[in-house]
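Inside the fold
Okay, here's what each chain looks like letter by letter:
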Amino acid sequence: MTAIATAGALSLPISLRRSCKFSSKKFQGIKRGFRVYAVFGEESSLEDKKSQWGTLFDVEDPRSKVPQCKGKFLDVYQALEVARYDIQYCDWRARQDLLTIMLLHEKVVEGLNPLAREYKSIGTMKRELAELQGELAQAHKQVHISEARVATALDKLAYMEELVNDKLLEDRNATGSDVASPSSSTSTQSSEVKRKLPRKSLDVSGPVKPYHPRLKNFWYPVAFSTDLKDDTMIPIDCFEEPWVLFRGKDGNPGCIQNTCAHRACPLHLGSVNEGRIQCPYHGWEYTTDGKCEKMPSTRLLNVKIRSLPCLEQEGMIWIWPGDDPPTPTLPSLQPPSGFVIHAEIVMELPIEHGLLLDNLLDLAHAPFTHTSTFAKGWTVPSLVKFLTPASGLQGYWDPYPIDMEFRPPCMVLSTIGISKPGKLEGQSTKECTTHLHQLHVCIPSSRNKTRLLYRMSLDFAPVLKHIPFMHYLWRHFAEQVLNEDLRLVIGQQERMINGANVWNLPVAYDKLGVRYRLWRNAVDQGDKQLPFSKPM
């Protein structure tokens with residue numbers, strides 16, 4: 001849970017920001033090792049005049065009900081209550097800001113009224129309108145601040161609830177055990193809280209380090225079933241080792257070392273002969289388990305080359321490159337119900353797979369990077385957020401109608417609500433009538449090369465699947481999008497290798513990328529329990 005709390009807090013402000021018009025009262029509490037600040041403004045009330053929307057703003061000022069606990073120690077439940085009053089205050093404040101805008105709008109309308117102009121000089125009207133426009137702009141700015149406060153308060157509330165859940169779990173685990181001494185308990189609480197404090201940045205710099213063996217202990221989808229015919233081979237690199245895929249006599253796929261045991265010739269340069277790969281140098285033939293069953297022109301020796309566990313599921317070929325026994329089940333990467341697969345594309349990219357995943361897990365760059373493809377014409381929102389459960393690797397983008405998930409070890413799934421290709425519709429995928437589903441698989445071929453598997457599915461226009469050469473059009477579009485990213489990420493990689501940190505200043509919309517990096521760091525460090533995953 002330490003890494004979970006760290007990741008959640010990375011994108012959350014420590015306390016609510018105060019407006020320059022506000023004085024503040026701080027409610028502080030230290031118990032179980034964390035501090036809570038509740039900020040409340042003190043302003044003179046608005047005018048008594050109410051517009052026709054008055055009933056919407058007839059909400060009681062919550063400041064009178066705030067718990068009077070200044071200078072007291074708060075437990076997690078009291079802290080949670082203070083956080084809730086924070087949200088109530090933010091809601092009340094936002095309503096008052098909106099009321100201010102409406103009242104100013106009425107003044108502007110009154111100022112522009114032809115009857116009123118008869119009694120005012122043009123100079124007076126210009127001056128009053130300029131003043132009103134200034135006040136209106138300030139009120140709009142205050143509304144944006146209030147919106148940010150509400151979002152911050154909600155995030156803080158989710159973080160508080162996580163801490164409460166942690167405490168409940170801790171209390172449940174402590175039932176029946178001896179109670180530690182107060183000094184020992186305080187020390188333990190302090191150390192736990194220190195681990196939950198947000199880290200300021202991540203360090204991803206310098207040459208790419210060798211991959212930790214534990215990163216290999218996952219099932220990796222490395223090819224599409226449609227690309228592996230009975231008489232074909234697919235050479236791949238995975239974790240800087242050469243392998244070759246082919247189908248055996250029974251039609252099932254196999255993955256063996258792409259190096260002949262005799263003279264180290266690449267096997268994929270040969271051919272498939274009755275479910276065996278035949279080396280093009282001296283004709284030695286290997287089965288899907290790596291055993292050499294035929295040696296022309298010489299006596300048959302007991303020779304076997306390395307092979308990997310290899311399975312086929314849902315139209316994909318999977319391998320297990322690690323030393324640990326493979327898990328009995330494979331994750332499902334099928335598109336949601338109602339979607340039809342329209343394109344399956346494989347590319348080799350000159351990028352370390354972690355940097356490519358960073359890019360795929362980031363949507364805030366789209367209106368700046370993909371200006372000639374899918375994000376052409378997108379407006380730049382004032383605030384982009386990725387909303388996710390406190391301990392999740394999935395969520396949705398706000399204000400974009402896009403759901404996204406990182407699925408270990410190297411898969412990104414996204415569902416995009418669209419009205420037509422390249423256009424956005426609605427504020428969430430549920431509001432959209434048509435959708436595009438994408439799967440990106442980033443296989444670490446080497447420390448500076450990635451094998452990318454891309455699958456695209458639609459829940460509309462099934463006729464497109466049957467148009468001749470449509471696959472080439474989808475590939476062209478996918479390459480255009482990737483090329484817009486490649487020039488940037490290759491530049492990142494060059495600077496990272498020379499010592500620049502590509503994760504210097506994580507911000508709110510980096511949340512999913514940060515959580516991926518925390519998960520990856522835990523794998524590289526050999527942690528027994530990985531963050532954002534179920535206990536083993």
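As the structure is a prediction and not an experimental result, all values here were calculated from the model.

1. Digging into the overall build of the protein
Each helix and strand counted, the protein has 9 helices and 20 strands in total. When each of the 536 residues of the protein is scored for burial, the buried share is 45%. Looking at the protein alone, contacts between residues at least 24 apart form 64% of all its contacts between residues at least 6 apart. Accessible surface computed for the protein: about 28,200 Å², of which carbon and sulfur atoms make up 54%.

2. Observations concerning the pairing of strand S18 (residues 411-418)
Burial runs high along S18: 8 of the 8 residues are buried. Every second residue of S18 is oriented toward a common face, with Met 411, Leu 413, Thr 415 and Gly 417 on one face and Val 412, Ser 414, Ile 416 and Ile 418 on the other, all of them buried. Judged from the 6 bridges that link them, strand S17 (residues 402-407) and S18 form a sheet pairing that is antiparallel. Looking across to S18, one finds that Glu 405 is bridged to Leu 413. The antiparallel pairing of S17 with S18 creates a hairpin that spans 3 residues between the two strands. Pairing of S18 with strand S19 (residues 434-446) involves 8 bridges; the strand directions are antiparallel. Looking across to S19, one finds that Gly 417 is bridged to His 435.

3. Some remarks on the pattern of salt bridges
Side-chain pairing between opposite charges can occur once the charged atoms of the two side chains come close. Within the structure shown, the criterion is met by 18 salt bridges. Glu 344 is paired through a salt bridge with Arg 455; the nearest N and O atoms lie 3.1 Å apart. Taken together, the positions of Glu 344 in strand S14 (residues 340-349) and Arg 455 in strand S20 (residues 449-458) put the pair 111 residues apart, joining distant regions of the chain. Among the salt bridges present, the one from Arg 495 reaches Glu 494, with a minimum N-O distance of 4.0 Å. One network of salt bridges, with partners in common, ties together Glu 274, Arg 276, Glu 285 and Glu 293.

4. Looking at the packing of helix H6 (residues 353-360) against helix H9 (residues 511-524)
In the contact formed by H6 and H9, the axes pass within 9 Å of each other and the chain directions differ by 155°. The angle between the axes of H6 and H9 places the two elements in the roughly antiparallel class. Counted together, His 353, Gly 354, Leu 355, Leu 357 and Asp 358 of H6 and Tyr 516, Arg 517 and Arg 520 of H9 form the full contact between these two elements. Residues belonging to the contact of H6 with H9 are distributed by class as follows: 3 nonpolar, 2 polar and 3 charged.

5. Quick word on the confidence of the model for the protein
The pLDDT averaged across the protein works out to 79; a share of 72% of its residues lies at or above 70. Taken as a whole, residues 1-47 scores under 50 in pLDDT and shows 133 contacts with residues more than four places along the chain or in a different chain. In this model residues 176-200 is a low-confidence stretch, pLDDT under 50, and it forms 24 contacts with partners more than four residues away in sequence or in other chains.

6. What about the side chain of Thr 429?
As for its position among the elements, Thr 429 is in the loop between S18 and S19. For Thr 429, a relative accessible area of 11% corresponds to the buried category. A distance of 2.8 Å separates the side chain of Thr 429 from the side chain of Asp 403, its partner in a polar contact. In this view, Thr 429 contacts Pro 401, Ile 402, Asp 403, Thr 415, Gly 417 and His 435; residues no more than four positions away in its chain are not counted.

7. Points about the nonpolar core
The nonpolar side chains of a soluble globular protein tend to be buried with one another. Formed by 85 residues in total, the largest nonpolar core has its most connected members in Leu 245, Ile 319, Val 441 and Trp 519. Excluding residues that lie within four positions of it along the chain, Val 441 makes contacts with Pro 221, Met 316, Leu 333, Cys 410, Met 411, Arg 451, Leu 452 and Leu 453. By size, the runner-up hydrophobic cluster in this structure holds 16 residues, among which are Phe 246, Cys 260, Met 295 and Val 303.

8. Some thoughts on H6
The element H6 is extensively covered by neighbouring structure, given that 8 of its 8 residues are classed as buried. The N-cap residue of H6 is Glu 352: its side-chain oxygen and the backbone nitrogen of Gly 354 are 2.8 Å apart.

9. Let's talk about the sheet that holds strand S7 (residues 271-273)
If you trace the 4 strands from one edge of the open sheet to the other, you get S7-S8-S9-S10, paired in antiparallel fashion. Since the sheet does not close on itself, it has two edges, and those belong to S7 and strand S10 (292-294), each with one partner.

10. Describing the environment of Thr 371
Turning to its location among the elements, Thr 371 is positioned in the loop between helix H7 (366-369) and strand S15 (385-387). Sequence-distant contacts of Thr 371, that is, excluding residues within four places in its chain, are made with Ala 366, Lys 376 and Glu 484.

11. So, the environment of Tyr 454
Considering the arrangement of structural elements, one finds Tyr 454 in strand S20. A sequence separation of 12 residues divides Tyr 454 from Cys 442, and the C-alpha atoms of the two residues are 9.0 Å apart. Residues in contact with Tyr 454, not counting those within four places in the same chain, are Phe 224, Ala 343, Glu 344, Ile 345, Gln 438, Leu 439, His 440 and Ala 478. Within the structure, the side chain of Tyr 454 is placed 2.8 Å from the side chain of Gln 438, a separation counted as a polar contact.

12. Observations concerning the packing of aromatic side chains
Within this structure, the stated rule accounts for 8 aromatic pairs. The interplanar angle of 85° and the centroid separation of 5.5 Å between the aromatic rings of Tyr 220 and Phe 239 together place this pair among those described as edge-to-face. You can see Tyr 220 sitting in strand S3 (residues 220-224) and its partner Phe 239 sitting in the loop between strand S4 (234-238) and strand S5 (241-247), a full 19 residues away along the chain. Owing to a relative accessible area of 1%, Tyr 220 belongs among the buried residues under this scheme. What makes Phe 239 buried here is its relative accessible area of 6%. Seen in terms of ring centroids, Phe 469 and Tyr 472 are 6.2 Å apart; in terms of plane orientation they differ by 40°. Their pairing is tilted. Summarising the burial analysis for this pair, Phe 469 and Tyr 472 share the class exposed. An aromatic cluster of at least three residues, connected via ring pairs, comprises Phe 218, Phe 406, Tyr 516 and Trp 519.

13. Considering the side chain of Asn 501
Its place among the elements puts Asn 501 in the loop between helix H8 (470-497) and H9. Within the structure, the side chain of Asn 501 is placed 2.9 Å from the backbone nitrogen of Val 204, a separation counted as a polar contact. With residues near it in sequence (within four places) discarded, Asn 501 still touches Leu 202, Asp 203, Val 204 and Ser 205.

14. Overview of the sheet that holds strand S13 (residues 316-319)
Taken together, the 3 strands give an open sheet; going across it, the order is S3-S13-S12, and neighbouring strands pair in antiparallel fashion. In the strand order of this sheet, the two ends are held by S3 and strand S12 (310-313), each with one partner. Direction aside, the axes of adjacent strands within the sheet are offset by 30° on average. Both S3 and S13 contribute to a ladder of 4 bridges, which runs antiparallel. Residue pairing across strands places Pro 221 opposite Trp 318, the latter belonging to S13.

Reading guide: rules and limits
- Residues numbered from 1 in each chain as written.
- Predicted model: local features only at pLDDT ≥ 70, side-chain atom pairs only at ≥ 80, totals over all residues.
- Heavy atoms only, no water.
- Helix = DSSP H or I, 4+ residues; strand = E, 2+ residues; numbered from the N terminus.
- Buried < 20%, exposed > 50% of the residue type's maximum accessible area, 1.4 Å probe, protein only.
- Contact = heavy atoms within 4.5 Å.
- Areas by Shrake-Rupley, 256 points an atom, 1.4 Å probe, with all protein chains shown as cover.
- Pairing = 2+ DSSP bridges.
- Salt bridge = Lys/Arg side-chain N within 4 Å of Asp/Glu carboxyl O.
- Axes fitted to C-alpha atoms, helices over the stretch in contact; angles between N-to-C directions.
- Parallel < 35°, antiparallel > 145°, perpendicular 65-115°, else oblique.
- Nonpolar A, V, L, I, M, F, W, Y, C, P; charged D, E, K, R; others polar.
- pLDDT = per-residue confidence, 0-100.
- Polar contact = N/O pair within 3.5 Å; in protein donor to acceptor, adjacent residues only side chain to side chain.
- Core = buried A, V, L, I, M, F, W, Y, C linked by side-chain atoms within 4.5 Å.
- Phe/Tyr/Trp six-rings, centres within 6.5 Å; stacked < 30°, edge-to-face > 60°.

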